[in-house]
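Topology and contacts: notes
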Amino acid sequence: MSAAESKIEIRPMNLEDTNTILSIDGEIRAAGKAITYENLTAEYILSISKGITARENPASYVGSLTGNVAALLDFSFVADIDGQVRGFVLGQVARLRESATEVGVIEMIGVHPDYQRKGIGTKLINALADKYRSKGIKIMRIGINYRDKSFLSLVEHAGFSAARLIVYSKIL
């Protein structure tokens, strides 16, 4: 059965998914498709100790998680295809400075390169949007590198549009 014919199951992320998420992030980077997230890794978001690498001990990542992982897990989902995790979305709730309103933020989304453009990313975004709605959150945001045309296409397809606020950065 091809990836297009396989059943996609979206479910809440759990700690046991960590190694697979890191592997998918690595595959995306190896394929040169991490334009938006070129300076942000799943490893960083999950606050994993940098002293452990997947090659040394893949099972050790779960034990090295730090920070408030429970809050991240509350708003994170994975896509299972035939019992294998092939995509993920990591979300958090943030407070908008300009209106003191809570918003749902997509911290990172990733789909294994062999499974991209099959609706998995859209399903992950929709699952996260449903979770935010169930918590009374009415706005969802994601930051995108304007050069990342493929990713831009995904989020526009999922119903996002450019916001009024533009963020400028200065490298120090």
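The sections below set out a description of the structure shown in this document. (Residues numbered from 1 in each chain as written. Predicted model: local features only at pLDDT ≥ 70, side-chain atom pairs only at ≥ 80, totals over all residues. Heavy atoms only, no water.)

1. Here's the deal with the sheet that holds strand E3 (residues 84-95)
Put simply, the rule reads: Following DSSP output, two strands are said to pair if at least two bridges run between them. Under the scheme used here, helices are H or I runs from DSSP no shorter than 4 residues and strands are E runs no shorter than 2 residues, and both carry numbers assigned from the N terminus. To define axes, lines are fitted to C-alpha atoms, for helices over the stretch in contact only, and angles between the resulting N-to-C directions are given on a 0 to 180 degree scale. In what follows, residue pairs with any heavy atoms lying within 4.5 Å of each other are defined as contacts.
Reading across from one edge, E1-E2-E3-E4-E5 is the order of the 5 strands in this open sheet, with mixed pairing throughout. The strands lining the two open edges of the sheet, one partner per strand, are strand E1 (8-12) and strand E5 (140-142). Across the sheet, the mean angle from the axis of one strand to that of its neighbour is 30°, orientation sign disregarded. Pairing between strand E2 (residues 76-81) and E3: 6 bridges, direction antiparallel. Note that in E3 the partner of Ala79 across the bridge is Gly87. Against the sheet, helix H1 (residues 18-30) touches E2, E3 and strand E4 (102-111), its axis set at about 95° to E3.

2. Looking at the packing of aromatic side chains
Rules: Centre distance within 6.5 Å is the pairing criterion for rings of Phe, Tyr and Trp, where only the six-membered ring of Trp is used; planes under 30 degrees apart are then read as stacked, over 60 as edge-to-face, and the remainder as tilted. Partly exposed residues are those whose accessible area sits between 20% and 50% of the maximum for their type, while under 20% is buried and over 50% is exposed, using a 1.4 Å probe and protein chains only.
Considering all chains together, one arrives at 1 aromatic pair under this definition. Considering the side-chain rings of Phe75 and Tyr132, the 5.2 Å spacing of their centres and the 25° angle between planes classify their relative orientation as stacked. In this pair, Phe75 is assigned in the loop between helix H3 (69-74) and E2 and Tyr132 in helix H4 (residues 120-134), connecting sequence segments 57 residues apart. In this structure, Phe75 and Tyr132 share a single accessibility class: buried.

3. As for the environment of Gln92
Filter applied, for reference: Two N or O atoms count as a polar contact when they lie within 3.5 Å, although within protein this holds only if one can serve as hydrogen donor and the other as acceptor, and sequence-adjacent residues are included solely when both atoms are side-chain atoms.
Inspection of the secondary structure puts Gln92 in strand E3. With relative accessibility at 31%, the residue Gln92 sits in the partly exposed group. Separated by 18 residues in the primary sequence, Gln92 and Asp74 place their C-alpha atoms 8.1 Å from one another. In this view, Gln92 contacts Leu72, Phe75, Val103, Gly104, Val105, Glu107 and Tyr132; residues no more than four positions away in its chain are not counted. Within the local environment of Gln92, its side chain forms a polar contact with the side chain of Glu107, the two groups lying 3.0 Å apart.

4. Notes on the pairing of E3
Taking the residues between adjacent antiparallel strands as the criterion, E2 and E3 are bridged by 2 residues, where Asp82 takes a positive phi near 50°. As paired elements, E3 and E4 share 9 bridges and run antiparallel to each other. Of the residues in E4, the one forming a bridge with Phe88 is Gly110.

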